[in-house]
Amino acid sequence: MSAPDRTHDPALRSWVASANRPDHDFPIQNLPFGAFRAASDAAPRCAVAIGDQLLDVSRIADLFTAEASAVAAALAAPGLNRAMALGHGAHAAFRAQLSALLQEDERARRPAVEAALRPLQSAQLVLPFEVRGYTDFFASIHHASNAGRLFRPDQPLLPNYRYVPVAYNGRANSVRTSGEPVVRPHGQLKPAEAGAAPRFAPSQRMDYEVELGIVVGRPTAAGEPLRPGDAWDHVFGFCLLNDWSARDIQAWEYQPLGPFLGKSFATSISPWIVTAQALLPFRTAAAARAPQDPEPLPHLRDPRDHARGAVAVQLEAAIRTAHMRQRGLPAHRLSRSNAADLYWTVAQMLAHHTSNGCALDTGDLVGSGTVSGAGDGALGSLLELSRGGAAAIDLPGGEQRRFLEDGDEVRLTGFCEAPGHRRIGFGECAAVLAPARPYGPADSGE
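The structure displayed is predicted, hence computed values, not measured ones.

Now, about the layout of surface pockets: what can you tell me, with residues and values included?
What the largest pocket holds in volume is close to 1100 Å³. What lines the largest pocket is a set of 43 residues, among which F151, Q250, A251, Y254 and P259 lie closest to the centre. When its residues are assigned to classes, the lining of the largest pocket shows 22 nonpolar, 10 polar and 11 charged. In terms of lining residues, the second largest pocket is bounded by 20 residues, among which F26, L120, W272, G427 and E428 are the most central. No other element matches strand 26 (residues 424-434), which puts three residues into the lining of the second largest pocket. Split into classes, the residues belonging to the lining of the second largest pocket amount to seven nonpolar, seven polar and six charged.

What follows is the structure in structure tokens.
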């Protein structure tokens, strides 16, 4: 992928006044993609966010030329998949022309673009693309060590971790957009007492996981593995991702085949996809490995990826309980971590994913796994923050949490900043945990 260009210039300003605020997630240097409904009964349409507005691209498609016109035409679809598949050359051309249309010195075409804007607050945002497949990795060595220490104190990391980007295949149809509530799931729960039988009941140890979602654009062919140096050619962009987890269901079921019903009930993502091109200024060196750690195997090794394979995205998690909302208290930040600290890079995850000949499809969603850092303030799940439920977390208003309770809202936010570049953000990924529904024949209509 190319280096930063004119569209990343921090001096660029837009005639959309809100986009020029220094703290806004969606300046002209960002231009993330999403989808919305103009009315509750209308078909979704694709959009780009600029400041506190969204741009209905279908209404200005005739303003784009050459390669960019193909992207504009594809954005008339109800989701981003057709546009995502067109590749970085077309995406770069579209970004350059869109940036020019929104710059403050644009006069002739401004009225047409302005007529295609609508306030973000009034829009019904929907899932921005059709999720074809969902794979979740385990790429943070800090999270892997913390979680492993709770269950295997003598061997927190299994022998394969430093060699294999570990992952599991999730449920594509579990993915929903920010704002949709998450219902507490039922499952088998095994008491700690020796000899006790499991029972079937609502999960009592509900958790969130702070993750970065990778959205695949151009597909790969079956039987043709990616090299790390080529993997970014297939990345359309990134979103925030909350891999909701029922820890008690997970603990009983995960051996020997890994996560299943403890994970498959819900995965929330942010409604805006920040493109790989927007993130070019925030690419950085892969996280340093400990001297005793092995070198990645050849299919995971590339000097270009080592030099610029990480993405410095600051990720934050916050909680706002029902009690806090009633009292008008703001959300309480639980953690801040950085995706640049991941042990495995984006390219290594995708390269390993395809190393056996498995193909990636347009619209595949790949989760990073919980992004945790080295300190207590950078722990990306309640499992880690509460030490497996042993330590209560104090919240404003006198409440405590070990795991989530009904009515709790979890909010993930993310942003990138670097000297000499404009700060850009991801919006938010938020959802409220709803009570478990009644379970039984009456619930299924029988």
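Anyway, onward from the coordinates.
Quick rundown of the nonpolar core? Include the residues and the values.
The biggest cluster of nonpolar side chains holds 65 residues, and the ones touching the most others in it are Y208, F238, W244, L279, L404 and F426. Elements represented by at least two residues in this core include exactly helix 5 (141-151), strand 13 (210-216), strand 14 (235-243), strand 20 (314-320), helix 10 (346-354), helix 11 (382-385), strand 25 (409-416) and strand 26. V57, I60, L98 and I273 belong to the second-largest nonpolar core, a separate cluster that totals 42 residues.

Got a sec to walk through the environment of A285? Specific residues and values, please.
Assignment of secondary structure puts A285 in the loop between strand 18 (283-284) and helix 8 (303-308). Considered as a pair, A285 and D305 are 20 residues apart in the sequence and their alpha carbons are 7.7 Å apart. Not counting residues up to four positions away in its chain, the partners in contact with A285 are H306, A307, R308 and A310.

Outline the packing of helix 1 (residues 66-74) against helix 3 (residues 88-102), supporting the account with residue identities and numerical values.
Two elements in contact, helix 1 and helix 3, have axes separated by 7 Å at closest approach and are oriented at 90°. One way to sum up the angle between helix 1 and helix 3 is to call them roughly perpendicular. Here E67, A68, V71 and A72 of helix 1 come into contact with helix 3, specifically with G89, A90, H91, A93, F94 and Q97. Considering only residue class, the contact of helix 1 with helix 3 consists of six nonpolar, three polar and one charged.

Conventions adopted
Residues numbered from 1 in each chain as written. Predicted model: local features only at pLDDT ≥ 70, side-chain atom pairs only at ≥ 80, totals over all residues. Heavy atoms only, no water. 1 Å grid on protein atoms, 1.4 Å probe; cavity = no way out; pocket = protein on both sides within 12 Å on 5 of 7 lines; lining within 4 Å. Points joined across faces, edges and corners; volume = space filled by probe spheres on them. Nonpolar A, V, L, I, M, F, W, Y, C, P; charged D, E, K, R; others polar. Helix = DSSP H or I, 4+ residues; strand = E, 2+ residues; numbered from the N terminus. Core = buried A, V, L, I, M, F, W, Y, C linked by side-chain atoms within 4.5 Å. Buried < 20%, exposed > 50% of the residue type's maximum accessible area, 1.4 Å probe, protein only. Contact = heavy atoms within 4.5 Å. Axes fitted to C-alpha atoms, helices over the stretch in contact; angles between N-to-C directions. Parallel < 35°, antiparallel > 145°, perpendicular 65-115°, else oblique.

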